[in-house]
Every structure is written in structure tokens, then in C-alpha cells.
Number of protein chains: 2
Amino acid sequence: MAVYTEVGDEALAAFLADYDIGGMVAFRGIAEGVENSNFSLRTSTGDYILTLYEKRVNPAELPWFLGLMEHLATRGITCPLPVRARDGAALRELCGRPAAVTTFLPGVWPRRVRQEHCGPLGAALAALHLAGRDYPPTRPNALGPGGWRPLFERARGQADGVVPGLAAELDAALDQILAGWPGGLPVGHIHADLFQDNVFFLDRRLSGLIDFYFAATDTLAYDVAICLNAWCFEPDFAFNVTKARAMLAAYQATRPLSADERAALPVLCQGAAIRFLLTRLYDWVNTPPGAMVTRKDPVEYLRRLRFHLAAPDEHAYGI
Amino acid sequence: MAVYTEVGDEALAAFLADYDIGGMVAFRGIAEGVENSNFSLRTSTGDYILTLYEKRVNPAELPWFLGLMEHLATRGITCPLPVRARDGAALRELCGRPAAVTTFLPGVWPRRVRQEHCGPLGAALAALHLAGRDYPPTRPNALGPGGWRPLFERARGQADGVVPGLAAELDAALDQILAGWPGGLPVGHIHADLFQDNVFFLDRRLSGLIDFYFAATDTLAYDVAICLNAWCFEPDFAFNVTKARAMLAAYQATRPLSADERAALPVLCQGAAIRFLLTRLYDWVNTPPGAMVTRKDPVEYLRRLRFHLAAPDEHAYGI
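From a predicted model like this one, the values you see are computed outputs, not experimental measurements. (Residues numbered from 1 in each chain as written. Chains lettered and ligands numbered in written order. Predicted model: local features only at pLDDT ≥ 70, side-chain atom pairs only at ≥ 80, totals over all residues.)

A. Quick look at the overall build of chain A. Tallying secondary structure elements over chain A gives 10 helices and 10 strands in all. Over its C-alpha atoms chain A spans a radius of gyration of 20 Å, differing by no more than 12% from the 20 Å that the globule rule assigns to 319 residues. Principal-axis analysis of the C-alpha atoms places the extent of chain A at approximately 60 × 45 × 35 Å. Across the 319 residues that make up chain A, the buried fraction comes to 42%. Considering only contacts in chain A between residues 6 or more positions apart, those separated by 24 or more positions represent 72%. (Helix = DSSP H or I, 4+ residues; strand = E, 2+ residues; numbered from the N terminus. Rg over C-alpha atoms; globule rule 2.2 N^0.38 Å. Buried ≥ 20, exposed ≤ 12 C-beta atoms within 10 Å, placed from the backbone. Contact = placed C-beta atoms within 7 Å.)

B. Up close: the confidence of the model for chain A. Mean pLDDT over chain A: 93, with 96% of residues reaching 70 or higher. Among the prediction metrics, the complex's ipTM stands at 0.73, with pTM recorded as 0.83. (pLDDT = per-residue confidence, 0-100.)

C. Geometry of the domain arrangement of chain A. Residue and element names in this part refer to chain A. The assigned domain composition of chain A is domain 1 (9-103) and domain 2 (115-317). A separation of 27 Å is found between the C-alpha centroids of domain 1 and domain 2. Between domain 1 and domain 2, the residue contacts involve 19 residues of the former and 18 residues of the latter. Taken together, the residues of the side of domain 1 that touches domain 2 sort by class into 10 nonpolar, five polar and four charged. (Domains from an automatic or database assignment. Nonpolar A, V, L, I, M, F, W, Y, C, P; charged D, E, K, R; others polar.)

D. Just the sheet that holds strand β5 (residues 97-103) of chain B, in detail. All names here are of chain B. If you walk across this open sheet you meet the five strands as β1-β2-β3-β5-β4, and the pairing is antiparallel. Looking at the sheet topology across the chains shown, the edges are occupied by β1 (24-29) and β4 (92-94). Neighbour-to-neighbour, the strand axes of this sheet turn through a mean angle of 35°, independent of strand direction. Here five bridges tie strand β3 (residues 46-52) to β5, and the two strands are oriented antiparallel to one another. Among the inter-strand pairings, Thr51 is bridged to a residue of β5, identified as Ala100. (Pairing = 2+ DSSP bridges. Axes fitted to C-alpha atoms, helices over the stretch in contact; angles between N-to-C directions.)

E. Region of the structure containing the nonpolar core. Counting residues in hydrophobic clusters, the biggest one holds 183 residues, and the most contacted among them are A:Ala225, A:Cys227, A:Leu228, A:Met247, B:Ala225, B:Cys227 and B:Met247. For B:Cys227, the residues in contact, after removing those within four places along its chain, are B:Leu121, B:Leu125, B:Leu194 and B:Met247. (Core = buried A, V, L, I, M, F, W, Y, C linked by C-beta atoms within 7 Å.)

F. Helix α2 (residues 62-73) of chain A, seen in detail. Residues and elements named next belong to chain A. In this model, α2 (12 residues) spans 16 Å end to end at C-alpha, consistent with the 16 Å of a helix rising 1.5 Å per residue. Within α2, burial applies to Phe65, Leu66, Leu68, Met69 and Leu72. Projected onto a plane normal to the axis of α2, the buried residues spread over an arc of 155° and lie on a single side. Where the residues of α2 are buried, they touch β4 (82-83), β6 (97-103), α3 (115-131) and β7 (187-190). (Expected span 1.5 Å × (residues − 1). Arc of directions from axis to C-beta.)

G. Structural context of the packing of helix α6 (residues 220-231) of chain A against helix α7 (residues 241-254) of chain A. Residue and element names in this part refer to chain A. In contact at an axis separation of 10 Å, α6 and α7 are set at 150° when each is read in the N-to-C sense. Judged by the inter-axis angle, α6 sits roughly antiparallel to α7. The handedness of the crossing between α6 and α7 is right-handed. Facing α6, whose interface residues are Val224, Cys227, Leu228 and Trp231, α7 presents Lys243, Ala244, Met247 and Tyr251. Grouping the amino acids of the contact of α6 with α7 by side-chain chemistry returns seven nonpolar, no polar and one charged. (Parallel < 35°, antiparallel > 145°, perpendicular 65-115°, else oblique. Left-handed = near helix turned anticlockwise from the far one by under 90°.)

H. Quick peek at the environment of B:Ala131. All names here are of chain B. By secondary structure assignment, the location of Ala131 is in helix α3 (residues 115-131). A count of 20 C-beta atoms within 10 Å places Ala131 in the buried class. Along the sequence, Ala131 and Leu72 sit 59 residues apart, while their C-alpha atoms lie 6.0 Å from each other. In contact with Ala131, other than residues within four places in its own chain, are Leu72, Arg75, Gly76 and Ile77.

I. Representation of the packing of α3(A) against α7(A) in the model. Residues and elements named next belong to chain A. At a closest axis distance of 7 Å, the pairing of α3 and α7 adopts a crossing angle of 30°. Of the possible angle classes, the one that applies to α3 and α7 is roughly parallel. As α3 runs across α7, the sense of the crossing is right-handed. Residue-level inspection shows Gln115, Cys118, Gly119, Pro120, Leu121, Gly122, Ala123, Leu125, Ala126, Ala127 and Leu130 of α3 in contact with α7, the latter providing Thr242, Lys243, Ala246, Met247, Leu248, Ala250, Tyr251, Ala253 and Thr254. Here the residues of the contact of α3 with α7 sort into 14 nonpolar, five polar and one charged.

J. The arrangement of the environment of B:Phe214 in detail. Residue and element names in this part refer to chain B. One can find Phe214 in the loop between β8 (205-209) and β9 (216-219). C-alpha of Phe214 to C-alpha of Ala311: the two residues are 97 residues apart in sequence and 27 Å apart in space. Excluding its chain neighbours within four sequence positions, the residues that come into contact with Phe214 are Leu143, Ala192 and Asp193.

Written out as C-alpha cells, the structure reads:
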């Protein structure tokens, strides 16, 4: 739930005057997204999303994110298209914050993952990976493998207060995962946060991918591993291999995984699980009571991590 | 900021199947409103608001609220029109909660009140009062004068912790206000919560009144007093008599206040100030840390109360 910045109607009118998108018709804060302030904006020409970037986003990186979205949208990926103002800039300022207008995507994110979602998701992820190939600028992944140990060190002292023995378990898991991390797999631009609430469906078709603000240049198959974590576990943390098989088959129909990528799936999934476990753990022990965000339970990813650590090979994922 | 209930896409589709409003196109939580869960819903036939009524609302009273809105909307008041399902019912159930679909109103609520807002507000309030006259059912105002002392008693013990001496000051003010409370003024259905965020404007015209869930049958001029409190104080708590004059003149152009109503404005304004002071005080001392609502500072209404207690007569309000 997130509207951190109140946008005055006068400030908004002045802001919109620099765009060729018509006059304002309606404007409402959106109770989704935890990093930025998002507003549903209707003008006389259509519907848009206005995003104000809050403090967790580095303003210097915004042109990369917006450029990637524009690149992908113009290559047929159903992601928000940044709208340029009359001066040609997609990144502007409102209420003292960097701000951008993007197109509105129809659809609804699935509150409960069904098998029928997983094929379209896999296909869209593969298409995103292919469409990103000719976007030249790169962005290092701060939340990739190199970032995990520093992140762990900032939460280590409080880990055992969340789950007894967690610090030692994570220490050992990190050693194992980082030692076995695959080099040399195909690299490209990854979404890196393609959870359910970032994927819209409409009439059983995937209608939109949103929230590219964790996107980075990293191992493509790691993005697949993130989706296996996010989409293929049941509420009781059982791994649903039917969903995984549907996702991977659809992904491979567009971009076949190499033998090396397939063989690396267990460690990539371990890495993805520990990445979300660590950020959740850090937020869990550092979110002040009364903050207007919902803390997400890190234990959900500990359960996933243990599954992946026990996976003997890629066949555990249905291929 | 409020979405207390997650609505599943499957549950939503099943819910919408009972309406004649087309298929679902988009669905987003709205970060406004503190009592209920509100969603922006687009279907193939247009835009709607879906509201799930949470625990603060008494389900037995919902038919009265929805009936009033329908009554007002069909008499030209720009308020949400409840949409009836195929079975004729406007009040239904979703995710275990009472739920209703209403029409979407364009416009934006003014983050900063300007004088130009106050005339249209006064005119709309008077029109609402007139349009409500032939809605027969009544609803007692639980937050009217009879409710203030019980509310105060529930917060008295902690009042001095918010402002030293506040308990004694409120005790004396309540005695004075309740002793001087006017009987016999014209009664009707009042909105009772017509704050800025419940009034939309578009192209300098008032385009919508929303959130009727505090509406009740009470002294009409008390509703005027609530608006004087809500709209005519500057951020430094100075009373802006120019705004008050604009609001009252426009109100009276549609529904002239009687001499008794005009003379009662100071005590009505005192009562309105103490009503919001008391609910804010109660929420302030009873909102648990971590709750997903913003507590509103009760002191803002103590400042207003003191202004009204010092007002010698109705001329303090520009008439």
C-alpha cells in the first residue's frame, strides 16, 4: 500500500501542462507497490499511471529503467510505455521527486496462482529476455550474488531472533550457493522481481508486466529461477512441479535453455530463494512499528530455500 | 490508505457475474478512505468503485446509506449511484464482507482549499439537504451531541497525555456546548463528513460528493458547521472569513438559513469541532502502533474549538 507523497491538484495541473496528453479527468492514489507512490491518472486522452520515485530508488538509475521499458514496449512486450513530455523527457519532477507518466495496462494480478497462469508467464519472460538483447546500456544487479553476503551481515545479528539457528543455516547455505554459482551462463536484462502482483491477466491472457525497478543485467536463467520461486510453490510450501513444467516449457518454446542453464537450475533457485529471504529478513528486523508497509515473512523463503537445497538436479523442476 | 481485504480475481469474476455491467477489464486498490476497502473497477461498460465494508460499519445500516445515495443521485446530486445486481439488490457480499458497486465519479479532491472551492461546496451542500427531504427513513446520528460525552469518557484518562490540561478543557467545553445546543432547528439528512477528500472538482466545477457512511438525520445547519470547520481554516489555524462568506452565501442562495440557524452557528461550530476532536483523540490514544492508518492529530481541532468558543456571534463567520 503506497502513496507516500501527496500531489496537490494545482501541482498536478502544472505538471500535466508540459505533456500532450490532454486535461486531467480523474486522479486516485493506488494502494499497490511498496517502493514508490503510484497514482491512477485519467486525462481526456486516456488512462495513465503517474509514479513518483521515493527514496529507495536511485534517481541516477531512472533513465536506465525508463529506457528499458520504452525499449521493451516498442518491441511488443506488454509493459508500461513511458510517456515523453513535450521537451522529449520521460523523466521529470513533481513535488520535489523524480516523476514519470506511463501508459495504463488493463488486467488484474492473480491473487491465487493457477496452472493456466504459468505458461503465459514463462512465454512472457522469455520474450522479455529476447526483446532486451539490443538494449545496450547495462545495470549491475546490486541484489545479485555479490550483494548477498553484505546483506546477510547487516541482518545476521538479529536472524536467530526470527528463527533460532537461522544465522548458522544461512551462513552455510550462502557458502554453498556462492561456491557453486555458475559463471558463463547467458547474460541479459532480467526483470528480477516478477512476482504475482507484477503480472496482469485479462480474459486468461497475460496482459501486462509492470514494476521494472529491480531490473538489471544478470544471468537470464536466474530470472527463471526467481519465477519458479514466486509462482510454483503452494501456500503450504509444497513445490508444484506441474506449474513449473508449464512455465519452463513455455519459456523454452521461445528461448530454449542450454544444458548448462538447465543443470544450474537448483543452485539458481537456491540463490533466488536466499536473495528474497535476505531482503525480507533485513526489512523484517529493520521496519519500524507503525510503518505504512506490510512486512513480508522471511520464513516463506527459508522453506523454499530448503526445498531447493534438497533438489538433486534440474529434474526436480519438471525438466 | 486502505485496502483491508484482498479480493481474489476468481472471487471477483464470480461476483461480477451477478451484475449486468460487463466483464472485468482492470481492478486496482485505491489508497484512500480509512473505513472500508475501495477498489477502482473497470469493466467493458465503464468505470465503477467496488467497496467492501469493513468492521467499523454496521451492516444493518448499509441499506440506509445505499438508499440515500440512490435517492440523491437520482435527484441530480453528483454522488455515487449504487449499481443493482440482476436480483435487484445493491448490497451484496464478497470475500465474507458486505459489498457494493457504485458509479465512478470523475474529478480530484483539492489538496489545498482555495476560495473558489467554497462557493460550489456550499451550493452542493444545500442541494444535498433539499434533495434529501423526501427520503423517508431516518438514521440517528451516533456521533451527534448525545454521543460526545460517552466518547469523551472513553478517552478522558489519556487526554492529558496528549495535551496537558486537555481533559479539564474538554469537560468544561462539553458542558457549555451541550447546555447551549439548539433544539428546534430544521432537521434532515446530513452528510456529516464533508471534508476535502470527499469532494471532487473538475475544471473548477464540483464534480462529486462521496463517502456517505457517516450520513445521518440531524440538524441541517450542523452540516454547515462541519464544513466551516473542514474548509475555512488555514494551515496555521487562522479562520478565513472570506472562504466562510463564499460558502455560506452559496448555501443560502439555494437554502436560506433561518435567523435561529444563523444565530446558532457559533455553538454548532463548537459542537462540530469537539466531535472531530473527540473521535481523533479516541483514535489517537487507541490506534496500535503498526496499524495501517494515519492517525490525525486531535490538536488541529482543539485550535478550531478555541476559535469557535471565542466567536461572539454569527458575524464571526462572515454573515
